[in-house]
Amino acid sequence: MARIVMKFGGTSMAGMERIRNVAARVKHVVDQGHEVAVVVSAMAGETDRLVGFCKEASPLYDPAEYDVVVASGEQVTSGLLAMTLKAMGVDARSWLGWQLPIRTNEAHAKARIGEIDTIDLLASMRSGTVAVIPGFQGMMEDGRISTLGRGGSDTSAVAVAAAVKADRCDIYTDVDGVYTTDPRIVARARKLDLVTYEEMLELASVGAKVLQTRSVGLAMKEGVVVQVLSSFDDPTQEDLPGTLIVSEEELEAKLKEDKMERQLITGIAHDKNEAKITVTRVPDRPGAVAHIFGPLADAAINVDMIIQNVGRDKGETDVTFTVPGADLARALDVLESQKDVIGFNRVIPDTKVAKISVVGVGMKSHAGVASTMFKSLADRGINILAISTSEIKVSVLIDEDETELAVRVLHTAYGLDAPVA
């Protein structure tokens, strides 16, 4: 008998027919004698609908009240799944974030999980009751509802798995694993059997939609075994053909066992949810850049790519950087409030951009990865607006209209295309 946490995303919960399919899958695992906790997302599109209401109410909405609104989507699906399981003869109950409780820090809309009280939860699971937990939400110290940011149900699932010391955390999505790139863009994308935590962390952070970034980081920190699966496969299938997220040591051992060489590049990711901001004619003096990024950090706005052009003749510089598209309005508001302190001329936003990234642990020991990327894009006339790198990642910012072309070009350039059948 194992203890398993199963997480189902929005497409898996989109309507009662799919909720019944999820319940059948959960029942199959329960019938095998396992202890089960289920973490659910809101129905597909529901969170966007609720966010839309918040923006209609106020473009610069109160984050605390935003959490109250958007947390309701997961509450609905958790109750519906528990009802459906009971109708199938499976003992189940829903646990809201405040009932466990799942305790978070004081950061509405971007809260981080501190701890989960598992005493009652474990007692319920040991008695054979399936725990159905709404993802994405928790409770702050003052008792108010908090949410974890978009995709936060993945983090909820991994956190619950770590807290109850689960044998495995199965993440069910609308795809049957992690691919070398988005198969909707590249038909010859290949599904990966194994991906390292480090690679998945980078892929998630640069636009791969399979797992939320924080969930991967938490899984790596806590040593949670994560498996990515499709919720649309046969629920009774024993040989689950998903993708395992493993440590680098486990990957090396598997490659050695199969006598295979490591792929230089694991995957290509893209992200259109980026916004570019250029702050013009910033005084070229010590501390000027700190006055830009300090207030943005205080507002919990993540900054990614940064370019500073030094104009020594005039003693001024332009500073360009990217932020998540959802944070653009707040970022502009923060910068305008600091205009007198920073001393810039104007702020120019641009939402018609996309970030393209190549990721692979193999690039640690190989030169020329970046040059291959730059040359491949140049050969197709794709202009690079900004660049950022890490030990296992190279990212570029390009015009949004060239996203799909860039992904296809790079997928082929790095030899990731599957053989023609």
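The rules we used
- Residues numbered from 1 in each chain as written.
- Predicted model: local features only at pLDDT ≥ 70, side-chain atom pairs only at ≥ 80, totals over all residues.
- Heavy atoms only, no water.
- UniProt positions renumbered as here; feature names shortened; annotations may be inferred.
- Helix = DSSP H or I, 4+ residues; strand = E, 2+ residues; numbered from the N terminus.
- Rg over C-alpha atoms; globule rule 2.2 N^0.38 Å.
- Areas by Shrake-Rupley, 256 points an atom, 1.4 Å probe, with all protein chains shown as cover.
- Lys, Arg positive; Asp, Glu negative; His and termini not counted.
- Charge placed at Lys NZ, Arg CZ, Asp CG, Glu CD.
- Buried < 20%, exposed > 50% of the residue type's maximum accessible area, 1.4 Å probe, protein only.
- Contact = heavy atoms within 4.5 Å.
- Expected span 1.5 Å × (residues − 1).
- Arc of directions from axis to C-beta.
- Domains from an automatic or database assignment.
- Buried area = accessible area lost by both parts, 1.4 Å probe.
- Salt bridge = Lys/Arg side-chain N within 4 Å of Asp/Glu carboxyl O.
- Core = buried A, V, L, I, M, F, W, Y, C linked by side-chain atoms within 4.5 Å.
- Polar contact = N/O pair within 3.5 Å; in protein donor to acceptor, adjacent residues only side chain to side chain.
- Pairing = 2+ DSSP bridges.
- Axes fitted to C-alpha atoms, helices over the stretch in contact; angles between N-to-C directions.

Per an unreviewed UniProt entry, the chain goes by the name Aspartokinase and belongs to Sphingobium quisquiliarum P25. Listed in UniProt under the heading Catalytic activity (unreviewed entry), the comment for the chain reads: "L-aspartate + ATP = 4-phospho-L-aspartate + ADP". A UniProt comment under Sequence similarities (unreviewed entry) is attached to the chain, and it reads "Belongs to the aspartokinase family."

**What to know about the overall build of the chain**
A count of helical and extended segments in the chain gives 14 helices and 20 strands. For the chain, whose C-alpha radius of gyration is 23 Å, the value lies close to the compact-globule estimate of 22 Å for 421 residues. Along the longest, intermediate and shortest principal axes, the C-alpha atoms of the chain span 75 × 55 × 35 Å. Total accessible area on the chain stands at roughly 19200 Å², and carbon and sulfur atoms take up 51% of it. Taking the 45 positively charged and 60 negatively charged side chains of the chain as two groups, their mean positions are separated by 1 Å.

**Some words on the UniProt feature "binding site: substrate" (unreviewed entry) in the chain**
When the UniProt feature table is mapped to this numbering, "binding site: substrate" (unreviewed entry) covers Thr47 and Glu74. Look at the named residues: they lie 28 residues apart in sequence, but the longest C-alpha span between them is just 8.8 Å, so in the fold they bunch up. Within the secondary structure, Thr47 sits in helix α2 (residues 46-57). On the accessibility criterion, Thr47 (11% relative accessible area) is buried. If we ignore the near neighbours within four places in the chain, the residues touching Thr47 are Ala42, Glu74 and Arg150. Position of Glu74 among the secondary structure elements: in helix α4 (residues 72-87).

**Considerations on α2**
The terminal C-alpha atoms of α2 lie 17 Å apart, and with 12 residues this matches the ideal 16 Å at 1.5 Å per residue to within 8%. Of the positions making up α2, those classed as buried are Thr47, Leu50, Val51 and Cys54. Buried residues of α2, viewed axially, fall in a sector of 100°; they line one side. The elements touched by buried residues of α2 are α3 (63-70) and α4.

**Things to note about unusual backbone geometry**
Backbone phi values are negative for most residues with the exception of glycine, while trans is the configuration of most peptide bonds. Following Leu100, the chain continues to Pro101 via a peptide bond in cis, the omega torsion being -5°. The residue Pro101 is located in the loop between β3 (92-94) and β4 (102-104) in this model. Within the chain, Ala109 stands out as a residue other than glycine whose phi angle is a positive 75°. Relative to the helices and strands, Ala109 is located in the loop between β4 and β5 (113-116). Look at Arg281: it is not a glycine, yet its phi comes out positive at around 50°. Mapped onto the secondary structure, Arg281 falls in strand β15 (residues 267-283).

**Let's talk about the domain arrangement of the chain**
Domain assignment breaks the chain into domain 1 (3-258) and domain 2 (267-414). On a C-alpha basis, the centroid separation for the pair domain 1 and domain 2 is 30 Å. On the side of domain 2, 26 residues touch domain 1, which itself brings 20 residues to the contact. Across the domain 1 to domain 2 interface the summed buried area is about 1800 Å²; carbon plus sulfur atoms make up 59%. Looking only at domain 1, the three residues that lose the most surface to domain 2 are Lys110, Ile185 and Val206, adding up to 33% of its buried area.

**Some points on the pattern of salt bridges**
The full count for this structure, using the stated rule, is 21 salt bridges. Between Asp48 and Arg150 there is a salt bridge, with the nearest N and O atoms lying 2.9 Å from each other. Within this pair, whereas Asp48 is found in helix α2, its partner Arg150 is found in the loop between β8 (145-147) and α6 (152-163), the two being separated by 102 residues in sequence. A salt bridge links Glu274 to Lys355, with the shortest nitrogen-to-oxygen separation between them at 3.8 Å. With Glu274 in strand β15 and Lys355 in strand β18 (residues 347-359), the pair connects residues that are 81 residues apart, well separated along the chain.

**Focus on the side chain of Asp327**
Within the fold, Asp327 resides in the loop between β17 (316-324) and α11 (328-337). Apart from residues lying up to four places away in sequence, Asp327 is in contact with Lys110, Ile301 and Asn302.

**Considerations on the nonpolar core**
Ranked by size, the top nonpolar core spans 61 residues in total, and within it Val5 and Val358 carry the most contacts. Counting residues per element, this core draws most heavily on α6, which supplies five residues. Composition of this core by domain shows at least three residues from each of domain 1 (3-258) and domain 2 (267-414).

**Some words on the side chain of Ser395**
Its location among the elements puts Ser395 in strand β20 (residues 393-399). Separated by 2.5 Å, the side chains of Ser395 and Ser357 make a polar contact. The contact partners of Ser395, leaving out residues within four places of it in the chain, are Val206, Met305, Lys355, Ile356, Ser357, Ala386, Ile387 and Ser388.

**Quick look at the sheet that holds strand β6 (residues 130-134)**
Read across the sheet, eight strands follow the order β3-β6-β2-β1-β9-β13-β14-β12 without closing on themselves; strand pairing throughout is mixed. One side of each edge strand has no neighbouring strand; the edge strands of this open sheet are β3 and β12 (194-196). Each strand of the sheet is rotated relative to its neighbour by a mean of 20°, with strand direction disregarded. Here strand β1 (residues 3-8) runs beside strand β2 (residues 35-40); their pairing, made up of six bridges, is parallel. Within the sheet, the bridge partner assigned to Lys7 lies in β2 and is Val39.

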